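Fold and contact review
Okay, here's what each chain looks like letter by letter:
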Amino acid sequence: MSLQQLNSNSFEEIIYDDCESCLVIFSRKDCHVCKEVVPMLDELKPQYEGKFGFFYVDVEEDKNLFQRFSLKGVPQILFFANGEYQGKLAGKVEEEAVEEKIAEVLNA
Amino acid sequence: MKRTALTNKLLVLGVDGMDPRISKKFLAEGKMPNLQKFIDRGAAREDIRLLGAIPTITPPCWTTLATGAYPGTHGITCYWRQSPESLDAVVYNMDSRNCLAEQVWNVSAEAGMKTLVWHWPGSSWPPTSHSENLSVVDGTQPGSVNMGVAQLDWEKVIVATPEIKEVRYAPRVDKPAGVGCIITDLEDTLDNDVDDEMMELWWGDTARQGGEIRTYVMDDEDTEVVIGSKVAYDIVNSPLKEAAGWANAPEGSKEFTVLTSGGVMRRPALILKNAAGEYDRVAIYKNKKAETPIVVLERDKMVTGIIDDVTKKEVTKPACRSMKILELDPAGNRVRLWISNALDISNDQLWHPKSLYQEIKSNVGEVPPVSLIGGEDAELVREIFEPSWDLYNKWQADCLNYAIKEKGYEVVFSHLHNIDCAGHQLWHLGKTLEPWNYTDEKTYQGFIEKFYIQTDKYFGEFLHLLDEGWTVFILSDHGLIVGENVPPIIGEYGGLNTKVMEKLGYTVMKKDENGNSIREVDWEKTRAVQIRSNYIYINLKGRDKYGIVDPKDKYDLEEQIISDLYNYRDERTGKRVIGICLRNKDAVLIGTNGPECGDIFFSVEEGYNRLHGDSISTSEGYFDTSVSPVFVAAGSGIKSGFTTERTIRQVDVAPSVAVLLGLRFPAQCEGAPIYQIFSEEV
């Protein structure tokens, strides 16, 4: 997988301190839906190189982050820009929906 | 009707829960000098009491004050209304459309007087007169203006130390008093049933549309004093470290992280050093790139009017917050910060006209959020809960004075909730009873005094009106008792009280496999239920959905229930705990008859009362408390320095307002003017 993994501290630095426009997928290794959505993000990532970041959080390794965002279930894709939360997409999402949301965040 | 007015300007200063008996104690100690001035310049009974309507519950009593009618007549007979569908559920009741009696503010507005009704939690919202002279602000809940509809986020305590290695967030932690706010195990602190929608459940859109609220009070743990005194807030833990990556961080500052909006909103913060090299301030920023902070907080000073974005249910809006430093180590090794709930500053749905909201915001300031955390945590009561009300009181006083001075209102009905809000959180701790023997009654008696002192300060904001031709009434809906004993599980206003009625065999709960009662009524075996503060309903065939009692047996069953209630003995003390019981038709004697008052009215005996609501209106409690409301009048049309022996009833207030202003009586008024205190014959 080409997505960079985040933990609580790198989350602070990259998402908030650097204020990068990006998405973070919260996933779990043994989750079937995640196994479909994560590769889709993997494929999308190169198109946004330098413009929009792609990251992931393993909710079992970083339960704290999962709880901090009051999330219920995986996968969930959270979007950020300028260190501000921009909304999320949950469950089995299509590529088009992700692209649409990225465009929305970039144009905001 | 033509009547000569004794005044042209009248202000009602309503203070929810203000008790004349304890007020007299603080007056005698010189702790309420402004109230003393109103008494000296006006008229009241020696005991400054008003004889309260029954039940001694907020919406019925405020409605009685507004209409001059008894609860059985105006139809607002408890905090909640009985659900038309279910004997075990209640529905929202702070809706003026349920009120069957005319409010005196409609009379004044329709007579051409510019009238303001400010957060009056009894039949004020929505406005019931089309008169353009009538303005109404909220009144849909007793708390504070906009509390029921504009809340976007909850209160938080942030703790940052160098030892904390990562940011952690725990929503709605029920924190036992004295335990530090360090999250050691998130699994233990997380409650899957986090109830962040209480405001909406009780007072929000669904409730106001008639949604059923089903609350069972089965044991002490379900009672309001036990629930209300638990302190629940969000806890954020953060590392505290040298500031790095900031656009504009002052030399030597250290950074930590604040989370809001259910964890999705993050604000970086700095602790700042003073010239002496000690850390003494906290600055909160939108992000590290920001040149200027959202707010800089100083030690010991609560700041309100802090506007920041808050996200709730995926929608982001600007909101108003208050904040205060709870602790800041001068050496910079520990900081604790409180941040209030957040009020949506764009929400004007409960303002009529809406333009008044914009004018208040621009000329007085945003509505300050009040804290609801205090209870058994003495530090939070002292540092947060009480000061947040003090700020709110000042804002409200400024709003009312602005409305009077700049907007030309001539008649103002206002309500303030500080004492009652504190009462529901901590008055029961004013006597150290066994269930809360880890607290000290002296500490809480001190807090009771503080709330009366801040109320006196509020009164002081209106003293100038006595020199400007105004008449001022100071009054309340009910007082608040410090309980002598732990109350029995009957008479709690919030819902269905099962325990005593289950013991007496009238209410039957379904059982689990171990024979323990579960939270479900067995309607096939239930003959009667006790719901809301003082009402018992027979489960009647043909009337109630699951009725089993034949109407021909109703009279005898009522007799048996009344007899059993009088014979019931409290399990802790062996004493009788039921005061009076009356059939519906007989309860007309105390104004609690009619279709909204159940089949039997009962009260809990003095000595066993909870704060208010379950007793008759003359009950007294520990620490010189009583459930009586207060009444003092002063200014134009009122005798000065006058003491009356007349029993002044709550129903007498509205007709007195009418006479003083030279208006007709409200249509369903059952009281009579307090002519003995008027400066002229009427």
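Residues numbered from 1 in each chain as written. Chains lettered and ligands numbered in written order. Predicted model: local features only at pLDDT ≥ 70, side-chain atom pairs only at ≥ 80, totals over all residues.

**Structural notes on the overall build of chain B**
The secondary structure content of chain B amounts to 16 helices and 34 strands. Taken over the C-alpha trace, chain B has a radius of gyration of 26 Å; the compact-globule value for 682 residues is 26 Å, and the two agree within 12%. When the backbone C-alpha atoms are referred to their principal axes, chain B occupies close to 80 × 70 × 45 Å. (Helix = DSSP H or I, 4+ residues; strand = E, 2+ residues; numbered from the N terminus. Rg over C-alpha atoms; globule rule 2.2 N^0.38 Å.)

**Observations concerning the interface of chain A and chain B**
Each partner contributes to the interface: chain A provides 15 residues, whereas chain B provides 21 residues. Every element with two or more residues in the side of chain A that touches chain B is listed here: α1 (8–17), α3 (63–68) and β5 (84–90) of chain A. The element that contributes the greatest number of residues to the side of chain A that touches chain B is α1(A), accounting for 5 residues. Residue classes in the side of chain A that touches chain B are distributed as 4 nonpolar, 8 polar and 3 charged. (Contact = placed C-beta atoms within 7 Å. Nonpolar A, V, L, I, M, F, W, Y, C, P; charged D, E, K, R; others polar.)

**Considering the domain arrangement of chain B**
Residue and element names in this part refer to chain B. Its domain assignment divides chain B into domain 1 (10–149 + 350–366 + 392–483 + 624–677), domain 2 (151–343) and domain 3 (496–610). Taken over C-alpha atoms, the centre of domain 1 sits 32 Å from the centre of domain 2. Residue-level contacts link 24 residues of domain 1 with 18 residues of domain 2. Elements with a minimum of two residues in the side of domain 1 that touches domain 2: β4 (90–91) and α12 (418–426). By residue class, the composition of the side of domain 1 that touches domain 2 is 10 nonpolar, 10 polar and 4 charged. (Domains from an automatic or database assignment.)

**So, the nonpolar core**
If you look at the biggest cluster of nonpolar residues, it comprises 238 residues, and the most contacted ones within it are Val24(A), Val282(B), Val412(B), Val472(B), Ile474(B) and Val632(B). The biggest single contributor to this core is helix α11 (residues 378–405) of chain B, with 14 residues. Excluding residues that lie within four positions of it along the chain, Ile474(B) makes contacts with Leu13(B), Leu35(B), Phe38(B), Phe459(B), Val630(B) and Val632(B). (Core = buried A, V, L, I, M, F, W, Y, C linked by C-beta atoms within 7 Å. Buried ≥ 20, exposed ≤ 12 C-beta atoms within 10 Å, placed from the backbone.)

**Re α12(B)**
Residues and elements named next belong to chain B. Burial analysis of α12 places 9 of its 9 residues in the buried class, which makes it a mostly covered element. Buried within α12 we find Asn418, Ile419, Asp420, Cys421, Ala422, Gly423, His424, Gln425 and Leu426. Next to the buried residues of α12 lie β1 (10–15), α9 (224–228), α11, β22 (411–416), α13 (441–460) and β24 (480–482).

**Regarding the packing of helix α2 (residues 33–41) of chain B against α13(B)**
Helix-helix packing is characterised by the crossing angle of the two axes and by the distance between the axes. All names here are of chain B. Two numbers describe how α2 lies on α13: the axes approach to 7 Å, and their chain directions differ by 50°. As judged from the angle between their axes, α2 and α13 are oblique. Across the interface between the two elements, Pro33, Asn34, Leu35 and Phe38 from α2 touch Asp456, Phe459 and Gly460 from α13. (Axes fitted to C-alpha atoms, helices over the stretch in contact; angles between N-to-C directions. Parallel < 35°, antiparallel > 145°, perpendicular 65-115°, else oblique.)

**With respect to the pairing of strand β2 (residues 22–27) of chain A**
Residue and element names in this part refer to chain A. In terms of residue burial, β2 counts as a mostly covered element, since 6 of its 6 residues are buried. On β2, burial covers both faces: Cys22, Val24 and Phe26 on one face and Leu23, Ile25 and Ser27 on the other are all buried. In this structure, β2 lies alongside strand β3 (residues 53–58), joined through 6 bridges in parallel fashion. Directly across from Ile25, in β3, lies its bridge partner Tyr56. (Pairing = 2+ DSSP bridges.)

**Topic: the sheet that holds strand β10 (residues 216–217) of chain B**
Residues and elements named next belong to chain B. If you walk across this open sheet you meet the 6 strands as β10-β25-β28-β29-β31-β30, and the pairing is mixed. Every other strand in the sheet has two partners, leaving β10 and β30 (578–583) as the edge strands with one partner each. Bridging between strand β29 (residues 535–538) and strand β31 (residues 600–604) involves 2 bridges; their strand directions are antiparallel. Following the sheet pairing, Ile536 is matched in β31 by Ile600. Together, β28 (528–531), β29, β30 and β31 form the strand contacts of helix α15 (residues 554–567), whose direction differs from that of β30 by roughly 170°.

**Here's the deal with the environment of Trp125(B)**
Residue and element names in this part refer to chain B. As for its placement among the helices and strands, Trp125 is situated in the loop between β5 (115–118) and β6 (134–137). Accessibility expressed as a C-beta count within 10 Å gives 24 for Trp125, which makes it buried. A C-alpha to C-alpha distance of 5.6 Å links Trp125 and Gly139, two positions 14 residues apart in sequence. Setting aside residues no more than four positions away along its own chain, Trp125 makes contact with Ser96, Val136, Asp138, Gly139, Thr140 and Leu350.

**Observations regarding the sheet that holds strand β14 (residues 265–273) of chain B**
Read from one edge of the open sheet, 5 strands run β12-β13-β14-β15-β16 (chain B), paired in antiparallel fashion. Only two strands of the sheet have a single neighbouring strand rather than two, namely β12 (241–242) and β16 (295–298) of chain B.

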